[in-house]
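# Coordinates in review
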Amino acid sequence: MATTGDPDIITDFIVPANVTTIDGNFFTFTGMRALVKSGPPTNTTTFTAWKAGLAEFPALNGQSVSYDVLYFPAGSINPPHTRVCATGLLFLLQGTLQVGLVDTTNKLFTQTLQAGDMFMFPKGLVHYQYNSDAQAPAKAIAAFGSSNPGSVSIYEARTLQNPWHTHV
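Residues numbered from 1 in each chain as written. Predicted model: local features only at pLDDT ≥ 70, side-chain atom pairs only at ≥ 80, totals over all residues. Heavy atoms only, no water.

### Side note on the overall build of the protein chain
Of regular secondary structure, the protein chain possesses two helices and 10 strands. Listing every helix and strand of the protein chain by position from the N terminus yields α-β-β-β-β-β-β-β-β-β-β-α. Burial status across the protein chain gives 28% buried among its 168 residues. Within the protein chain, counting contacts between residues at least 6 apart in sequence, those at least 24 apart form 70% of the total. (Helix = DSSP H or I, 4+ residues; strand = E, 2+ residues; numbered from the N terminus. Buried < 20%, exposed > 50% of the residue type's maximum accessible area, 1.4 Å probe, protein only. Contact = heavy atoms within 4.5 Å.)

### Here's the deal with the side chain of N78
Residue position: N78 is located in strand β3 (residues 77–82). Owing to a relative accessible area of 10%, N78 belongs among the buried residues under this scheme. There is a polar contact of 2.7 Å between the side chain of N78 and the side chain of Q129. Among residues more than four places away in sequence, those in contact with N78 are F47, F72, Y128 and Q129. (Polar contact = N/O pair within 3.5 Å; in protein donor to acceptor, adjacent residues only side chain to side chain.)

This is how it looks when you write it as structure tokens:
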């Protein structure tokens, strides 16, 4: 059986080769400040994610954790995808979301979330989130059990399997 995930480390944390000084700044990610100060964009109709993973926050290397802040404008979707390296835990801050996942027996599990609800997406299972509200946005935070949870879009994976597929 093949498994994926973060390696177990034998030190407190991993220092990247290009870092020479470790202080509190190393353990601090400031990439969400603009989002908190100005809020999500109001001129978009598509789902948007702000990430705090290994690529954005090198201190996470080996720590088996990362976050995304998710913004769903009215009527938008985070299309079906899977996280091959991590379980996800979604916490809905505002609005409502229709969420769902498909298990390995091809059974669909769905739920309507309200602000304050959490939903768990097991590692490797196809899942989605949809803001069915035509008027109001939804905001959520997703936590992952990996510093690099990976994401495979089901649509893109299917398109790559069929090179004759054309985009409409």
